[in-house]
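So the chains spell out like this:
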Amino acid sequence: MSAKDYVEKDYYKVLGVPKDATAAEIKKTYRKLAREFHPDANKGDAKAEERFKDISEAYDVLSDEKRRKEYDEARSLFAGGGFRPGGAGGAGGFDFGDLFNGGGGGSGGLGDVFGGLFNRGGRQTAQPRRGADVETEVTLNFEEAVDGATVPLRMTSQAACRACAGTGAKTGTTPRVCPTCVGAGTVSRGQGAFALSEPCRDCKGRGMIVDDPCTVCHGSGRASSARTMQVRIPAGVQDSQRIRLKGKGAQGERGGQPGDLYVTVHVDPHPVFGRKGDNLTVTVPVSFPEAALGGTIEVPTLNGPAVKLKLPPGSANGLTMRARGKGATRKDGTRGDLLVTVEVAVPKAVSGDALSALEQYREATASDDPRAALFKAAEGA
Ligand SMILES: [Zn+2]
Ligand SMILES: [Zn+2]
């Protein structure tokens, strides 16, 4: 039941009694209606069930003298002030929270009426709390990133204190239910009766109070525990990628779900291979005769035997060839390709037979100007 219910619901109308009905009249009407709409008498009738709930809710409030008085006061205030949820004046989606929050000090009657009105629930118990997410980093070498790897991760995380089993109370003592929030861990703020609740300050949201704190955890009930986990990093992870491992974070409290573990992966570069998505890349030097005349070249692969590739005659510098299936492992277990880029190697110094052969080659090709086409294209433009 919320404050909004108090404003929106007309409990008198629900029971069909006048506003000045006596307690006896209310009781009598309620009994009659309850019999009529009782779920046992209306099996499978959702409407009757709904009606029965409304009747019970209305009776809960109107049969309690103090609550009925508060309810009457709340409704008369709202009726008089013209505050209506989603009300007139075009201010659709009217937010009660705004109305009562900003007021600061003397906002008067409203806060007083609602303050404390909804605190008495008592039925609520502290909610399970989800464990915190944990961030960590790991550095993989290039091969591990390509093929996936199981790596040990040493992590410190918050867990229940072993000495007190997470209660925070000294051995032999037990915590007591917080009288402020009656174990709920949250309280409705005075002026924020409209759906505003905040963690209870007296028990720090735990719902329990420890008089004699555990000497190990000083009453927090939490301890940091270091653990080493084997974590599977999937194949194909990229440098700086952040992967989420569901449920591998800190433990929850009071049966709450554990948090998640986020691992930021750093990948060491490889001296030879690079990576483009599922494909690996490698640059392979070839000699000028190999590039010009063609031939078979051997190319190294990552973690595998070298492959032979046929270099076509007249291969230009920078030509890229593909060695199928020699790339990175994909999610489905298949592999990408190895992209082989040829780079024509130019010797730093040439001497002896090689020098005379080259000089001969120069003479033989003297009439071929390699830049002829370039100039032609430049003029034509
Ligand atoms: Zn409390
Ligand atoms: Zn402890």
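Criteria and cut-off values
Residues numbered from 1 in each chain as written. Chains lettered and ligands numbered in written order. Predicted model: local features only at pLDDT ≥ 70, side-chain atom pairs only at ≥ 80, totals over all residues. Heavy atoms only, no water. Pairing = 2+ DSSP bridges. Helix = DSSP H or I, 4+ residues; strand = E, 2+ residues; numbered from the N terminus. Axes fitted to C-alpha atoms, helices over the stretch in contact; angles between N-to-C directions. Patch = residues over 30% accessible without salt bridge, like charges linked within 9 Å, V, L, I, M, F, W, Y side chains within 5 Å. Areas by Shrake-Rupley, 256 points an atom, 1.4 Å probe, with all protein chains shown as cover. Salt bridge = Lys/Arg side-chain N within 4 Å of Asp/Glu carboxyl O. Lys, Arg positive; Asp, Glu negative; His and termini not counted. Charge placed at Lys NZ, Arg CZ, Asp CG, Glu CD. Buried < 20%, exposed > 50% of the residue type's maximum accessible area, 1.4 Å probe, protein only. Donors = N, O, S within 2.8 Å, 3.2 Å for Na, K, Ca; no water. Tetrahedral: all angles 85-135°; square planar, octahedral: opposite > 155°, others 65-115°. Phe/Tyr/Trp six-rings, centres within 6.5 Å; stacked < 30°, edge-to-face > 60°. pLDDT = per-residue confidence, 0-100. Contact = heavy atoms within 4.5 Å. Polar contact = N/O pair within 3.5 Å; in protein donor to acceptor, adjacent residues only side chain to side chain. Parallel < 35°, antiparallel > 145°, perpendicular 65-115°, else oblique. Left-handed = near helix turned anticlockwise from the far one by under 90°. Nonpolar A, V, L, I, M, F, W, Y, C, P; charged D, E, K, R; others polar.

Engineer: Whenever I open this one, the sheet that holds strand 11 (residues 279-286) confuses me. Can you help?
Structural biologist: Strand order in the open sheet formed by four strands is 10-11-15-14, and the pairing between neighbours is mixed. The open sheet is flanked by strand 10 (274-276) and strand 14 (320-323), the only strands paired with a single partner. Strand-to-strand, the axes of this sheet are offset by a mean angle of 35°, without reference to chain direction.

Engineer: Got a minute to help me understand a negative patch on the surface in this structure?
Structural biologist: A cluster of acidic residues, Asp 45, Glu 49, Glu 50 and Asp 54, forms a negative patch at the surface. Relative to the assigned elements, Glu 49 resides in helix 4 (residues 46-62). Using a relative accessible area of 40% as the deciding quantity, one classes Glu 49 as partly exposed.

Engineer: What exactly am I supposed to notice about the coordination of the zinc ion (ligand 2) here?
Structural biologist: In an ideal tetrahedron of four donors about a metal, each angle is 109.5 degrees. In an ideal octahedron of six donors, the angles are 90 or 180 degrees. In this structure, Cys 161 (SG), Cys 164 (SG), Cys 214 (SG) and Cys 217 (SG) serve as the protein donors to the zinc ion (ligand 2), at separations of 2.2 to 2.4 Å. Around the zinc ion (ligand 2) sit four donor atoms; with metal-centred angles ranging over 103 to 115°, the donor geometry is tetrahedral. Taken in chain order, the donor set of the zinc ion (ligand 2) reads C-x2-C-x49-C-x2-C. Taken together, the residues Cys 164 in the loop between strand 2 (149-160) and strand 3 (176-177) and Cys 217 in the loop between strand 6 (208-209) and strand 7 (222-233) connect sequence positions 53 residues apart. Cys 217 matches Cys 164 in its accessibility class, with the two residues each being buried.

Engineer: Explain a nonpolar patch on the surface here, please?
Structural biologist: Taken together, Val 177, Val 182 and Met 208 make up a surface patch of nonpolar side chains, about 230 Å² in accessible area. Relative to the elements of secondary structure, Val 177 occurs in strand 3. For Val 177, a relative accessible area of 47% gives the class partly exposed.

Engineer: Would you mind going over the packing of aromatic side chains with me for this structure?
Structural biologist: Think of a pair of aromatic rings as described by two things: how far the centres are apart, and how the planes are tilted against each other in angle. The tally for this structure, following the rule as stated, stands at four aromatic pairs. For the pair Tyr 11 and Tyr 71, a centre-to-centre distance of 4.8 Å together with 35° between the ring planes defines the contact as tilted. Linking Tyr 11 in helix 2 (residues 11-15) with Tyr 71 in helix 5 (residues 65-81), this pair joins segments that are 60 residues apart in sequence. Across this residue pair, the class does not change: Tyr 11 and Tyr 71 are buried. Aromatic pair Tyr 12 and Tyr 71: ring centres 6.2 Å apart, planes at 35°, arrangement tilted. Placement of Tyr 12 in helix 2 and of Tyr 71 in helix 5 is noted, with a sequence separation of 59 residues between them. Comparing Tyr 12 with Tyr 71, the two get one shared label, buried. Chaining the aromatic ring pairs together yields one cluster made of Tyr 11, Tyr 12 and Tyr 71.

Engineer: What am I meant to see in the confidence of the model for the protein here?
Structural biologist: Segments scoring low in pLDDT should not have their predicted coordinates read at a detailed level. The pLDDT averaged across the protein works out to 80; a share of 83% of its residues lies at or above 70. Here residues 80-124 is a poorly scored stretch, pLDDT under 50, and it has 60 contacts once near neighbours within four places are set aside; other chains count.

Engineer: Would you take a moment to explain the environment of Val 340 for this structure?
Structural biologist: Position of Val 340 relative to the elements: it lies in strand 15 (residues 338-344). For the pair Val 340 and Leu 280, spaced 60 residues apart in sequence, the C-alpha separation works out to 8.6 Å. Residues contacting Val 340, with those up to four places away along its chain left out, are Val 282, Val 284, Val 299, Leu 309, Leu 319, Thr 320 and Met 321.

Engineer: Hey, could you run me through the sheet that holds strand 8 (residues 241-245) in this one?
Structural biologist: Reading across the sheet, the three strands line up as 1-9-8 and stay open at both edges, with mixed pairing between neighbours. Of all the strands in the sheet, just strand 1 (134-140) and strand 8 have a single pairing partner and so form its edges. If you compare each strand with its neighbour and ignore which way they point, the axes differ by 30° on average. The pairing of strand 8 with strand 9 (residues 261-267) spans five bridges and is antiparallel. Across the sheet, residue Ile 243 finds its bridge partner in strand 9, namely Val 263.

Engineer: Help me understand the side chain of Thr 329 in this model?
Structural biologist: Relative to the elements of secondary structure, Thr 329 occurs in the loop between strand 14 and strand 15. Among the polar contacts made by the side chain of Thr 329, one reaches the side chain of Asp 147 at a distance of 3.0 Å. Excluding its chain neighbours within four sequence positions, the residues that come into contact with Thr 329 are Val 146, Asp 147, Ala 235, Gly 236, Thr 334 and Arg 335.

Engineer: Would you take a moment to explain the packing of helix 3 (residues 23-37) against helix 4 for this structure?
Structural biologist: Each packed pair of helices is defined by two parameters, the angle between the axes and the distance between the axes. Close contact between helix 3 and helix 4 brings their axes to 9 Å; oriented N to C, the two are set at 160°. If you check the angle between helix 3 and helix 4, you find them roughly antiparallel. Between helix 3 and helix 4 the crossing geometry is left-handed. Of the residues in helix 4, those touching helix 3 at Ile 26, Lys 27, Tyr 30, Leu 33, Ala 34 and Phe 37 are Ala 48, Arg 51, Phe 52, Ile 55, Ser 56, Tyr 59 and Leu 62. Split into classes, the residues belonging to the contact of helix 3 with helix 4 amount to 10 nonpolar, one polar and two charged.

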